[in-house]
Amino acid sequence: MTEMIPASQSAPQSAPVATGVRLADYRPPAFLVDEVHLDFRLAPASTRVTARLALRRNGGGDAPLVLSGRGLKPVGFAIDGMPLAEDRYTVTDEDLTVRDVPNSFTFESEVEIDPDGNRALEGLYTSGGRFYTQCEAEGFRRITWFPDRPDVLARYTVRIEAEKAYPRLLSNGNLIEQGELAGERHYAVWQDPFPKPCYLFALVAGNLDLLEDSFVTASGREVALRLFVDPGQAPRVAYAMDSLKRAMRWDEANYGREYDLDLFMIVAVRDFNMGAMENKGLNIFNSSLLIADPETATDLDYERIESVVAHEYFHNWTGNRITCRDWFQLCVKEGLTVFRDQSFSADMRGEAVQRIKDVRALRARQFPEDAGPLAHPARPDHYQKIDNFYTATVYEKGAEIVRLLRTLIGPEDYRSGMDLYFQRFDGQAVTVEDFVSCFADVTGSDLSGVLSWYLQAGTPEVSVTPRYDAAAKTLSLDLRQSVPPTRGMGDKVPLPVPLRLGLLDAEGRQQSFLAPGADEPESEAVVTLRGATDTITLTGVAEAPVLSTLRGFSAPVSLTVTEPGENRFIRLAHDPDLFNRWEAGQSLARDLMLARVKGEPDRTGERRFVDALGRAMADQSSEPAFKALLLALPSEQDLALAAPPADPAAIHEARDNLRQLAAEVLRGQLEALHDGLVALGSFSPDAESAGRRALRNAALDILMAAGTPSDIARAKAHADGASDMTTALGGLSALMQAGGAAYDSAVAAFYTRWRDEPLVIDKWFALQARSPAPDVLDRVKALTEHPAFDAKTPNRFRALVSTFAQMNPARFHDPSGAGYRFLADQILAVDQFNPQVAARQLEPLGGWRRYKPELAALMKAELARILASPGLSANVAELAAKALAE
């Protein structure tokens, strides 16, 4: 699943929120389910679900049968065809307990549910007059009684009956029967031959448009591909179809994995809590991650579609065929699959540019998580609501651990280890230890250090002090690491940290050297810090070097290098590792802006940095996409994380100052770039074309820091002349910086043109929420009353409220605390019907420790108000309490 949350595991039922669920309490399920037969008689307000479960005891004993269920209206129960007497079972709000059951039997239940009234968007619900499901993590228990845990795998046969007004009746696996019924009704029967946990169950019913294609596997099998969307939208999923076919071919080439069914389906839905869901053979996607055309989708949308389509497809093997034993092991499927989709995107869009984007996202989302009250290991050991653990740590840090493992053992052994993993655990539910053991067995190595990466929270801090001996031609690297304490974890063990490094000379040329254990000189090597400290010596170093380390961000750590400031300018100009070239520019800009925040501006350094940027822009060997990333200064959020206690207003001013200097010094160069990158010919979403659009938008963004009348006219012409959404939003964003009549007119015209396109109107809301104008909060509040705003639609709510709280720090952190009150009010309102979405809005308030005391006090007060509110969901209560804990 893309950025979402799963179900509990400690016993056949969820543990109470008050005590939580602990990994140490895991026990195998008391009963296993071999076959599941589900019969749905669909009706929007009163769907009947009949379930027949072929159960058997897992081991001895006489424990009762305990099944999970939530919001179900029982109609009847039977065992082996005999109705169940009332004195043999007990029903609570969460569980069904059946006493005196045999060792092997068929349990049948019938329930009634209300899909129309289900605004939590978990289980079976309606959206746009159609039926959809979302079962990860605990949604299936809203459909029927079941042992709702990921280590119970069963084969499913599903019969769906509905009025013909719902022409498409879809579920997992293969369609084995369909037909007409009396009363303008019809039915379809689906059968999935592969055992799966219930969180992978899916059902869709309704009037949907279809785009069809096919794919021939490496072994010659033909797979039918079907993408279902709202009527009239089929042409807009052509890029998603192309992405799917490329992902299928890539997985065959890089992991040896063929698709295993004869049919693969994806369905788009507007109302969806997360990004997408990998249900076996029937993926369900947030429509924003499937639908695109040049007029309505940005290049970022195309990139995300490509990545997420691949991610969910890759889950077929890393998540479906091999799933997680319990929800504590979520990173086994999600971290691994994120690494796979990142690797795919790197092959599609360029390794260096993709790596920079991935690291930028990691630092923006996961590093703050690791440094805050919600820090947890990639494999946590307890939770109250598993929904709250679909986090950047599980996903992004989990992916970094897999990447680190691959770096440590090498690509060949990594592939061999993955082959063993698929062979050994196909059809099973596994743990982190199971995953790591495959690579240990292949290499014959002790990989307990890799396991420690999964078990410890916090971002390791690594320092490197180089010492060059000119006489001996050696470079000694004094390495040191520490992992800061996090809640519940004091002392941490040292972790294996692979450092990919190279050496440059004073002119930026590469130097060769001999690394420990190497037979031949090389220009790049990987050295590994395994203890708290170590000294590694490189020999054959001809002259005093400029060290380039952590190339490609070879480990998810915070790095400090003791070196002259000049070295970063050399790396910015010459480092062959593009990640480290970008990193040099980012660190220079960050230090300069933070110096100004402290009241110690380095005007000479600022000018030198801007001049260096100008030279980088003139470098004809660099791709436009890389130059666009160079022009993007560290964000205000990055700066707040780097220098606590943060003053958002001072940070905003310091960043604006450096942007204004760049606009002044580089004006001619930026104008020439902007003029020279006008799109020629028809739109293409390929990486090269997207890079040109990104650089053109980036040049305009810097120019608008000056905001002269000619700049405003340039931005208006940019927006007015746009033939694609990337360019149009680039122009609108530039006008937003200046505000005034030109911006207001452009925003109004944009709405008028696109008012019937929901995904575009999401962008319209988000654009306004990012405005730097002092009155932006008043505008955001007014927009919550706009006819097009609906807090019950997660995409729309996130576009306005989340964007303001997370992407507009200078205005969200207004000294009055008004931004905090607004967010708290929105959280409490949405929590009444969608706790998952509400809980995910707490992070901006939970970071109060990073801000100056007067702001921190206001943020804490809003958290306390939330926590004291009656009727608070367990999701929000857990995160608010953790955020407040000292």
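Small disclaimer: the values here were computed from a predicted structure and weren't measured.

Observations concerning the overall build of the protein
In step 1: The helix and strand tally for the protein stands at 28 helices and 32 strands.
In step 2: Projecting the C-alpha coordinates of the protein onto the three principal axes gives extents of approximately 85 × 65 × 60 Å.
In step 3: Sorting the 886 residues of the protein into buried and exposed places 59% on the buried side.
In step 4: Partitioning the intrachain contacts of the protein with sequence separation of at least 6 by distance along the chain shows that 71% fall at a separation of at least 24.
In step 5: Summing over all exposed atoms, the protein offers an accessible surface of approximately 32600 Å²; the carbon and sulfur share of this is 49%.

A word on the pattern of salt bridges
In step 1: This model, assessed by the stated rule, comprises 73 salt bridges.
In step 2: Here Arg236 makes a salt bridge to Glu757, at a shortest N to O gap of 2.7 Å. You can see Arg236 sitting in the loop between β18 (222-229) and α1 (238-255) and its partner Glu757 sitting in the loop between α19 (740-754) and α20 (758-769), a full 521 residues away along the chain.
In step 3: With a relative accessible area of 15%, Arg236 lands in the buried category.
In step 4: Counted as one network, the salt bridges with shared partners bring together Arg70, Glu94, Glu138, Arg141, Asp148 and Lys385.

Describing the nonpolar core
In step 1: Counting residues in each nonpolar core, the largest one holds 280 residues, and the members touching the most others are Phe107 and Tyr421.
In step 2: Dropping the residues within four chain positions of it, Tyr421 is found in contact with Ile322, Val332, Leu336, Asp426, Val430, Phe435 and Cys438.

Some remarks on the sheet that holds strand β12 (residues 154-163)
In step 1: Taken in spatial order, the 8 strands make up an open sheet running β6-β5-β9-β3-β2-β12-β15-β14, and their pairing is mixed. The open sheet is flanked by β6 (82-83) and β14 (174-181), the only strands paired with a single partner.

Description of the pairing of strand β10 (residues 123-127)
In step 1: With 5 of its 5 residues buried, β10 lies for the most part within the structure.
In step 2: Sheet topology places β10 next to strand β11 (residues 130-134); 5 bridges connect them, and they run antiparallel. Each residue of the ladder has a partner; that of Thr126, found in β11, is Phe131.
In step 3: Here β10 folds back onto β11 in antiparallel fashion, the turn holding 2 residues, of which Gly128 has a positive phi close to 60°.

Considering the packing of helix α9 (residues 566-574) against helix α10 (residues 578-597)
In step 1: Here α9 crosses α10 at 140°, and the two axes come no closer than 7 Å. When the interaxial angle is binned, α9 and α10 end up oblique. Pair α9 / α10 crosses with left-handed handedness. Contact with α9, carried on its side by Arg568, Phe569, Arg571, Leu572, Ala573 and His574, involves Arg581, Ala584, Gly585, Ser587, Leu588 and Asp591 of α10 and no other residues of that element.
In step 2: Per-class residue counts for the contact of α9 with α10 are 5 nonpolar, 3 polar and 4 charged.

Considerations on the state of the cysteines
Put plainly, a disulfide is one covalent bond tying together the sulfur atoms of two cysteines.
In step 1: In the structure shown here, the tally under the stated rule is 0 disulfides.
In step 2: Here Cys324 is not cross-linked by a disulfide; its sulfur's nearest cysteine counterpart is in Cys331, at 9.0 Å.
In step 3: Cys324 sits in the buried class, given a relative accessible area of 0%.

Re the sheet that holds strand β30 (residues 533-539)
In step 1: Read from one edge of the open sheet, 4 strands run β30-β26-β25-β32, paired in mixed fashion. Looking at which strands have only one partner, the edges of the open sheet turn out to be β30 and β32 (558-561). When strand polarity is set aside, the average angle formed by the axes of neighbouring strands in this sheet is 20°.
In step 2: Of the pairings in the sheet, the one linking strand β26 (residues 474-482) to β30 comprises 7 bridges and is antiparallel in character. Looking at β30, one finds that Thr474 is bridged to Thr539.

Overview of helix α11 (residues 603-618)
In step 1: With 16 residues, α11 extends 23 Å between its outermost C-alpha atoms, agreeing within 8% with the 22 Å of an ideal straight helix rising 1.5 Å per residue.
In step 2: Here α11 has its buried residues at Gly605, Glu606, Phe609, Val610, Ala612, Leu613, Gly614, Ala616 and Met617.
In step 3: Buried positions along α11 lie against α9, α10, α12 (624-631), α14 (648-665), α15 (667-676) and α16 (687-703).

Considering the environment of Glu688
In step 1: Among the secondary structure elements, Glu688 is positioned in helix α16.
In step 2: Note on Glu688: relative accessible area 59%, which makes it exposed.
In step 3: Residues Glu688 and Ile356, 332 residues apart in the sequence, show an inter-C-alpha distance of 16 Å.

Some points on the packing of aromatic side chains
In step 1: All told, the structure shown has 42 aromatic pairs when counted by the stated rule.
In step 2: Relative to Phe683, the ring of Tyr302 has its centre 5.6 Å away and its plane inclined at 35°; by these criteria the two rings are tilted. One end of the pair, Tyr302, is in helix α2 (residues 299-314); the other, Phe683, is in the loop between α15 and α16, and 381 residues separate them in sequence.
In step 3: On the basis of relative accessible area, Phe683 is assigned to the partly exposed category, the value being 23%.
In step 4: Look at Trp317 and Phe422: their rings are 5.7 Å apart centre to centre, the planes differ by 75°, and that puts the pair in the edge-to-face class. Within this pair, whereas Trp317 is found in the loop between α2 and β22 (323-324), its partner Phe422 is found in helix α6 (residues 411-425), the two being separated by 105 residues in sequence.
In step 5: By relative accessible area, Trp317 is classed as buried at 8%.
In step 6: Take Phe422: its relative accessible area is 2%, and that puts it in the buried class.

Things to note about the pairing of strand β16 (residues 203-206)
In step 1: Of the two faces of β16, both are covered, the one formed by Leu203 and Ala205 as well as the one formed by Val204 and Gly206.
In step 2: Looking at chain direction, strand β13 (residues 168-171) and β16 are connected through 4 bridges and run antiparallel. Bridging from a neighbouring strand, Arg168 pairs with Gly206 of β16.

Regarding a negative patch on the surface
In step 1: A cluster of acidic residues, Asp62, Glu86, Asp87 and Asp100, forms a negative patch at the surface.
In step 2: Mapped onto the elements of the fold, Glu86 is located in the loop between β6 and β7 (89-91).
In step 3: Since its relative accessible area comes to 66%, Glu86 is described here as exposed.

Examining the confidence of the model for the protein
In step 1: Averaged over all residues, the pLDDT of the protein equals 96, while 98% of them reach at least 70.
In step 2: Here residues 4-18 is a poorly scored stretch, pLDDT under 50, and it has 77 contacts once near neighbours within four places are set aside; other chains count.

Observations concerning the side chain of His311
In step 1: Assignment of secondary structure puts His311 in helix α2.
In step 2: Owing to a relative accessible area of 2%, His311 belongs among the buried residues under this scheme.
In step 3: At 3.4 Å, the side chain of His311 and the backbone oxygen of Met1 are in polar contact.
In step 4: Apart from the residues within four sequence positions on either side, His311 is in contact with Met1, Thr2, Glu334, Thr337, Val338 and Asp341.

Rules behind the numbers
- Residues numbered from 1 in each chain as written.
- Predicted model: local features only at pLDDT ≥ 70, side-chain atom pairs only at ≥ 80, totals over all residues.
- Heavy atoms only, no water.
- Helix = DSSP H or I, 4+ residues; strand = E, 2+ residues; numbered from the N terminus.
- Buried < 20%, exposed > 50% of the residue type's maximum accessible area, 1.4 Å probe, protein only.
- Contact = heavy atoms within 4.5 Å.
- Areas by Shrake-Rupley, 256 points an atom, 1.4 Å probe, with all protein chains shown as cover.
- Salt bridge = Lys/Arg side-chain N within 4 Å of Asp/Glu carboxyl O.
- Core = buried A, V, L, I, M, F, W, Y, C linked by side-chain atoms within 4.5 Å.
- Pairing = 2+ DSSP bridges.
- Axes fitted to C-alpha atoms, helices over the stretch in contact; angles between N-to-C directions.
- Parallel < 35°, antiparallel > 145°, perpendicular 65-115°, else oblique.
- Left-handed = near helix turned anticlockwise from the far one by under 90°.
- Nonpolar A, V, L, I, M, F, W, Y, C, P; charged D, E, K, R; others polar.
- Disulfide = S-S within 2.5 Å.
- Expected span 1.5 Å × (residues − 1).
- Phe/Tyr/Trp six-rings, centres within 6.5 Å; stacked < 30°, edge-to-face > 60°.
- Patch = residues over 30% accessible without salt bridge, like charges linked within 9 Å, V, L, I, M, F, W, Y side chains within 5 Å.
- Lys, Arg positive; Asp, Glu negative; His and termini not counted.
- Charge placed at Lys NZ, Arg CZ, Asp CG, Glu CD.
- pLDDT = per-residue confidence, 0-100.
- Polar contact = N/O pair within 3.5 Å; in protein donor to acceptor, adjacent residues only side chain to side chain.

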